[in-house]
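Geometric and topological summary
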Amino acid sequence: MIGDKEEHFEGKGTDLAALQSHIEEYLMGDGFKTQSSAPSDQGVVIQAKKGGFLQGVIDANRALTITISGTSADFTVRIGIGKWAEHLEVAVIETLLLGELFLVVDVAETAWNFEIESKLAGDIRSFVG
């Protein structure tokens, strides 16, 4: 899918709760409003959306969506655009099991998504080590 980035990490022993907190702090520091699901066996979902100029670029119901799944020794972080979930806990169960968390995006969203994904992915790689 265009505008969807996936990073896989093995043998790092990363505290996934600390990684989740780090991602949330990074996004809030960049002016995003965030929401997160409670961790489950399927993983955790973090959503972030930003007002201002992005309201004209990305629909109000869309959000930067990050999933973290796996174990501290073998996990995957996926970043893309998804639908902002008003009830994220319900959405997590449905979307992580069904795999339809991310949306296909148009050209304007893709350009923005590549920029933020690259920055966030670089920050995650630095955090994980």
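Residues numbered from 1 in each chain as written. Predicted model: local features only at pLDDT ≥ 70, side-chain atom pairs only at ≥ 80, totals over all residues. Heavy atoms only, no water.

**Digging into the overall build of the chain**
Looking only at helices and strands, the chain features four helices and five strands. Beginning at the N terminus, the succession of helices and strands in the chain can be written as β-α-β-β-α-β-β-α-α. Taking all 129 residues of the chain together, 42% fall into the buried category. Sequence separation of 24 or more characterises 62% of the internal contacts of the chain that already satisfy a separation of 6 or more. If you sum the accessible surface of the chain, you get close to 6700 Å²; carbon and sulfur atoms cover 52% of it. (Helix = DSSP H or I, 4+ residues; strand = E, 2+ residues; numbered from the N terminus. Buried < 20%, exposed > 50% of the residue type's maximum accessible area, 1.4 Å probe, protein only. Contact = heavy atoms within 4.5 Å. Areas by Shrake-Rupley, 256 points an atom, 1.4 Å probe, with all protein chains shown as cover.)

**Let's talk about the packing of aromatic side chains**
Here the structure, examined in full by the defined rule, presents one aromatic pair. Relative to F75, the ring of F9 lies with its centre 5.1 Å away and its plane at 25 degrees, an arrangement referred to as stacked. Of this pair, F9 sits in strand β1 (residues 5-10) while F75 is found in strand β5 (residues 74-83), placing the two residues 66 residues apart along the sequence. (Phe/Tyr/Trp six-rings, centres within 6.5 Å; stacked < 30°, edge-to-face > 60°.)

**Here we look at the side chain of E24**
In this fold, E24 is placed in helix α1 (residues 16-29). Summary of buried charges: E24 has no salt-bridge partner, and the nearest side chain of opposite charge, K33, is 13 Å away. Setting aside chain neighbours within four positions, we find E24 in contact with T34, S36 and I46. (Lys, Arg positive; Asp, Glu negative; His and termini not counted. Salt bridge = Lys/Arg side-chain N within 4 Å of Asp/Glu carboxyl O.)

**Quick word on the nonpolar core**
With 20 residues, the main nonpolar core has L19, I23, L27, I66, I68, V77 and I124 as its most contacted residues. Counting residues per element, this core draws most heavily on helix α4 (residues 107-128), at five residues. When residues no more than four places from it in sequence are discounted, the contact partners of I68 are L16, L19, Q20, I23, G43, V44, I46, F75, T76 and V77. (Core = buried A, V, L, I, M, F, W, Y, C linked by side-chain atoms within 4.5 Å.)

**Quick notes on the pattern of salt bridges**
Enumeration over the complete set of coordinates arrives at two salt bridges. K5 is the salt-bridge partner of E7, the closest N and O atoms lying 3.9 Å from each other. As a salt-bridge pair, R125 and E7 come within 2.6 Å of each other at their nearest N and O atoms. With R125 in helix α4 and E7 in strand β1, this residue pair connects regions lying 118 residues apart in the sequence. Overall, the relative accessible area of 37% leaves R125 in the partly exposed class. Residues participating in the shared-partner salt-bridge network are K5, E7 and R125.

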